[in-house]
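# Structural description and commentary
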Amino acid sequence: MDKLKAVIYDAGHTLLEPRLKAPDIWDFLGTRLGIAFDRTRAMPNVGVYFYRNVMGSYDSDARARGFWNSYYIKAMTEAGVDEAGERLKDAVNALYDWYQQPAQWRMFPEVPEMLRAVRERGLRQGIISDWGTDLIPLLHAHDISDHLEFVVASATVGTAKPHPDIFHNALARAGLQPDEAIYIGDSYISDVLGARAVGIRAVLIDRERRAPEVDCPVVTSLLDVLQLLEP
Ligand SMILES: [Mg+2]
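Residues numbered from 1 in each chain as written. Predicted model: local features only at pLDDT ≥ 70, side-chain atom pairs only at ≥ 80, totals over all residues.

## Comments concerning the overall build of the protein chain
A tally of helices and strands in the protein chain yields 10 helices and eight strands. Taking 231 residues into account, the globule formula puts the C-alpha radius of gyration at 17 Å, and the protein chain, at 18 Å, falls close to it. Projected onto its principal axes, the C-alpha positions of the protein chain cover 60 × 35 × 30 Å. Once local pairs closer than 6 in sequence are excluded, the contacts in the protein chain between residues at least 24 apart make up 63%. (Helix = DSSP H or I, 4+ residues; strand = E, 2+ residues; numbered from the N terminus. Rg over C-alpha atoms; globule rule 2.2 N^0.38 Å. Contact = placed C-beta atoms within 7 Å.)

## A look at the nonpolar core
Counting 42 residues, the largest nonpolar core has I8, Y183 and I184 as its most contacted members. The residues that make up this core include at least three from each of domain 1 (6-17 + 105-228) and domain 2 (19-104). Here I8 is in contact with G126, I127, I128, A170, A181 and Y183, once residues within four sequence places are set aside. (Core = buried A, V, L, I, M, F, W, Y, C linked by C-beta atoms within 7 Å. Buried ≥ 20, exposed ≤ 12 C-beta atoms within 10 Å, placed from the backbone. Domains from an automatic or database assignment.)

## Some thoughts on the domain arrangement of the protein chain
Here the protein chain is partitioned into domain 1 (6-17 + 105-228) and domain 2 (19-104). If you average the C-alpha positions of domain 1 and of domain 2, the two centres end up 26 Å apart. Across the contact, 18 residues belong to domain 1 and 12 residues belong to domain 2. Ranked by residue count, the leading element in the side of domain 1 that touches domain 2 is helix α6 (residues 135-141), at three residues.

## Quick notes on unusual backbone geometry
Each neighbour pair has its own omega, and for K161 with P162 the value is 5°, a cis peptide bond. Within the fold, P162 resides in the loop between α7 (154-157) and α8 (164-174). At R209, a position not held by glycine, the phi torsion is positive, near 50°. With respect to the secondary-structure elements, R209 resides in the loop between β7 (201-205) and β8 (218-219).

## A few points about the packing of helix α1 (residues 22-33) against helix α4 (residues 86-100)
Interhelical geometry of α1 versus α4 gives an angle of 140° and a closest axis separation of 10 Å. As judged from the angle between their axes, α1 and α4 are oblique. The element α1 and its partner α4 pack so that their crossing is right-handed. Here I25, F28, L29, R32 and L33 of α1 lie close against α4, whose contacting residues are R87, L88, A91, A94, L95 and W98. In terms of residue class, the contact of α1 with α4 is built from nine nonpolar, no polar and two charged. (Axes fitted to C-alpha atoms, helices over the stretch in contact; angles between N-to-C directions. Parallel < 35°, antiparallel > 145°, perpendicular 65-115°, else oblique. Left-handed = near helix turned anticlockwise from the far one by under 90°. Nonpolar A, V, L, I, M, F, W, Y, C, P; charged D, E, K, R; others polar.)

## Some words on the sheet that holds β8
One open sheet holds the six strands; their spatial order is β5-β4-β1-β6-β7-β8, and the pairing between them is parallel. Of all strands in the sheet, those with a lone pairing partner are β5 (150-153) and β8, marking the two edges. By the bridge criterion, four bridges tie strand β1 (residues 6-9) to strand β4 (residues 124-129) in an arrangement that is parallel. Of the residues in β4, the one forming a bridge with V7 is Q125. Taken strand by strand, α8 contacts β1, β4, β5 and β6 (181-185), and its axis lies near 160° from that of β5. Contacts from helix α9 (residues 188-197) reach β6 and β7 within the one sheet, and its direction differs from that of β7 by about 165°. (Pairing = 2+ DSSP bridges.)

Here's what the structure looks like:
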């Protein structure tokens with residue numbers, strides 16, 4: 001990749017993953033609502049919910065919160081909760097705030113080595129993420145920011161993946177041409193198709209090998225991308 005100047009990452013499930021799992025969420029909401037939920041109950045498929053209903057809804061903090069609140073209310077309703085009122089809204093709002101705290105997220109283990117290795121190759125690094133404006137303090141808290149030259153959070157720029165505008169915004173900010181960057185993300189639709197639509201090469205990270213066969217490079221660790229960066 002002769003022209004390559006920058007590696008750009010998605011954030012959620014590419015660099016960072018939530019510590020909270022479904023049982024923690026049932027416990028949290030159950031405590032708030034005074035209901036004993038079955039902790040082993042599965043949450044609704046969030047990807048299906050997202051792409052069916054509200055793709056693009058990360059273009060403001062209010063809409064990001066609104067998406068998650070509606071998703072949790074759907075989960076509660078499916079679990080038999082009949083609380084359409086303020087109490088349920090308060091509970092899902094509180095859950096959203098809890099979930100956003102930096103302590104509730106962790107880096108994937110290879111992230112520090114990846115960020116160092118890419119920097120040592122003389123490449124620039126940035127993030128394009130569908131996230132609220134609270135992505136910045138989260139990245140600071142996890143010591144990721146020092147490696148980055150730019151961070152474009154959808155709620156900050158008012159446009160979300162896979163819309164071309166969020167990718168164009170990042171390229172313009174970094175002074176990069178599309179063919180000078182490679183983008184890594186865990187969503188084929190938002191990340192691969194979004195990046196490719198503006199001419200950025202894309203790599204799918206599929207840590208648990210769950211994706212069907214797709215028409216782009218697929219890695220199970222960020223470090224596997226290093227081989228793709230060689231000229
Ligand atoms: Mg992601």
